[in-house]
Amino acid sequence: MNLVEEKQLLQKIKENPELFGEIFDVYYKTIFSYIFRRVADYDIPRDMAADVFLKAYLKVGSFVWKNISILTWLYRVATNEVNYYHRKNKSSKLSFEIFAYQSEKLFEFEDYQTEKQHLENEFKLNEDFVKVQRSLKKLNVKYQEVISLRYFEKKAILEIAEILDKKEGTVKSLLSRGLEKLKIEFNNAT
Amino acid sequence: MENDFENRMENLQTPDTDFVKHQEIFKIGLMNARKSSRIGLVFIIIPAIVILIAYIKLHFLLSVDFTSTIQSITNKTEGMSYIRWLFPTVFLVMPLLAAVINILALSHFYVNKKTKELIITIQYRLKNLIVLIVSLAIIVAFWSFIIIGYVYFK
């Protein structure tokens, strides 16, 4: 979807919220994949992606168009969710929510196990990514978000700046410092 | 060396997720998220207004035309069998339905087979919570009215 189409769709959604389904259909996999690559799990990214789209759906009526793609907005919400998760995980390993996330859901869809297994296999096939991801988790969240958007999502500096609502110079600086720290963690781990 | 690492990052292969399909189930729940509080609101609006007006009349001793009209209609239709069902339907069944719909909208159920735990998480969504609280208040008011009436006339 280009910007013009997105703007028209948003205007239609304000009159008919059911049309939000189109945004969900187009962007869900992208957002889920981003969260999945940052969190390296199956159940937690599913819940987080659902929360991202629920928040977006409930707030879409008050969304003000600023010539920024809906995907950028969704990335921003997803980044905040993941950052919050990483901060919580550092301080509290045994929180109630972690138990909930690690449990199996009561009413799972038929291919739950197949999909989960498939994603776990994908991790095994991408050893380099797993090592980088583990090292990345040890860094401050501000480095995690720029590095994952740049190298996992292959976003340009300008796009990252829009998503994180930061200046391009700040993003470049965070990337540069973040890569240095990541390299140290990566070399220590291997 | 620095460039080697950066090149490695640039060429990093990431796990493929194109095959995921679970979002179809999420979509159903997501698109109904708004409806649950609105449907609940429709079910409780009439009983809530009636109770509020009755309270105003009794507590502040104000005469309100609406309650007088209701009372006269009730007196005229007392013998009709279907009217006997109207009162409990409006003040019990509808708020109960509103409460159930909104409880389902707020809660998630998980089973941990390893630790044999049923874990229930309640999400904080203000509109659903408000409708739920008002529904339960109407049900409590209804039962209080029945019990007091039963005790008084016994």
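Just so you know, these numbers come straight off a predicted model, no measurement behind them.

Criteria and thresholds
- Residues numbered from 1 in each chain as written.
- Chains lettered and ligands numbered in written order.
- Predicted model: local features only at pLDDT ≥ 70, side-chain atom pairs only at ≥ 80, totals over all residues.
- Helix = DSSP H or I, 4+ residues; strand = E, 2+ residues; numbered from the N terminus.
- Buried ≥ 20, exposed ≤ 12 C-beta atoms within 10 Å, placed from the backbone.
- Contact = placed C-beta atoms within 7 Å.
- Axes fitted to C-alpha atoms, helices over the stretch in contact; angles between N-to-C directions.
- Parallel < 35°, antiparallel > 145°, perpendicular 65-115°, else oblique.
- Left-handed = near helix turned anticlockwise from the far one by under 90°.
- Nonpolar A, V, L, I, M, F, W, Y, C, P; charged D, E, K, R; others polar.
- pLDDT = per-residue confidence, 0-100.
- Core = buried A, V, L, I, M, F, W, Y, C linked by C-beta atoms within 7 Å.
- Domains from an automatic or database assignment.

Draft legend 1. Representation of the overall build of chain A within the structure. Within chain A, the regular secondary structure consists of 10 helices and one strand. With 190 residues in all, chain A has 33% of them scored as buried. Counted over contacts in chain A with a minimum sequence separation of 6, partners at least 24 positions apart contribute 70%.

Draft legend 2. Just the overall build of chain B, in detail. Of the regular secondary structure elements, chain B holds six helices and two strands. Helices and strands appear in chain B in the N-to-C order α-α-α-α-α-β-β-α. Of all 154 residues assigned to chain B, the portion counted as buried reaches 16%. Sequence separation of 24 or more characterises 69% of the internal contacts of chain B that already satisfy a separation of 6 or more.

Draft legend 3. Expanded view of the environment of Glu18 of chain A. With respect to the helices and strands, the residue Glu18 of chain A is situated in the loop between α1 (3-15) and α2 (20-39). Expressed as a C-alpha distance, the spacing of Glu18 of chain A and Tyr57 of chain A, which sit 39 residues apart in the sequence, is 9.5 Å.

Draft legend 4. Representation of the packing of helix α8 (residues 141-152) of chain A against helix α9 (residues 157-164) of chain A. All names here are of chain A. Contact geometry of α8 with α9 gives a least axis separation of 10 Å together with a crossing angle of 135°. With respect to α9, the element α8 is oriented oblique. The interaxial crossing formed by α8 with α9 has right-handed handedness. Judged by residue contacts, Glu145, Val146, Leu149 and Arg150 of α8 engage Ile160, Ile163 and Leu164 from α9. Residues that form the contact of α8 with α9 fall into these classes: five nonpolar, no polar and two charged.

Draft legend 5. Expanded view of the confidence of the model for chain B. All names here are of chain B. Confidence along chain B averages 74 in pLDDT terms, with 65% of residues attaining 70 or more. Helix α4 (residues 65-76) is the least confidently modelled element of chain B, averaging 62 in pLDDT, while helix α1 (residues 2-10) averages 85, the highest of any element. For this predicted complex, the interface confidence comes out at an ipTM of 0.74, alongside a pTM of 0.66.

Draft legend 6. Representation of the nonpolar core within the structure. Residue and element names in this part refer to chain A. If you look at the biggest cluster of nonpolar residues, it comprises 43 residues, and the most contacted ones within it are Ile31, Ile35, Ala49, Val52, Leu74 and Ala78. Mapped onto this core, the elements with two or more residues apiece are α2, α3 (43-59), α4 (70-91), α7 (127-136), α8, α9 and α10 (168-189). Among the elements that take part in this core, α2 stands out by supplying 10 residues, more than any other. When residues are assigned to domains, this core turns out to be shared by domain 1 (1-125) and domain 2 (127-190), each giving three or more.

Draft legend 7. Seen up close, the environment of Ala50 of chain A. Residues and elements named next belong to chain A. For Ala50, the location among the structural elements is in helix α3. Of the residues examined, Ala50 has 20 C-beta atoms within 10 Å and is grouped as buried. Linking Ala50 and Ile31, residues 19 residues apart in sequence, is a C-alpha distance of 9.7 Å.

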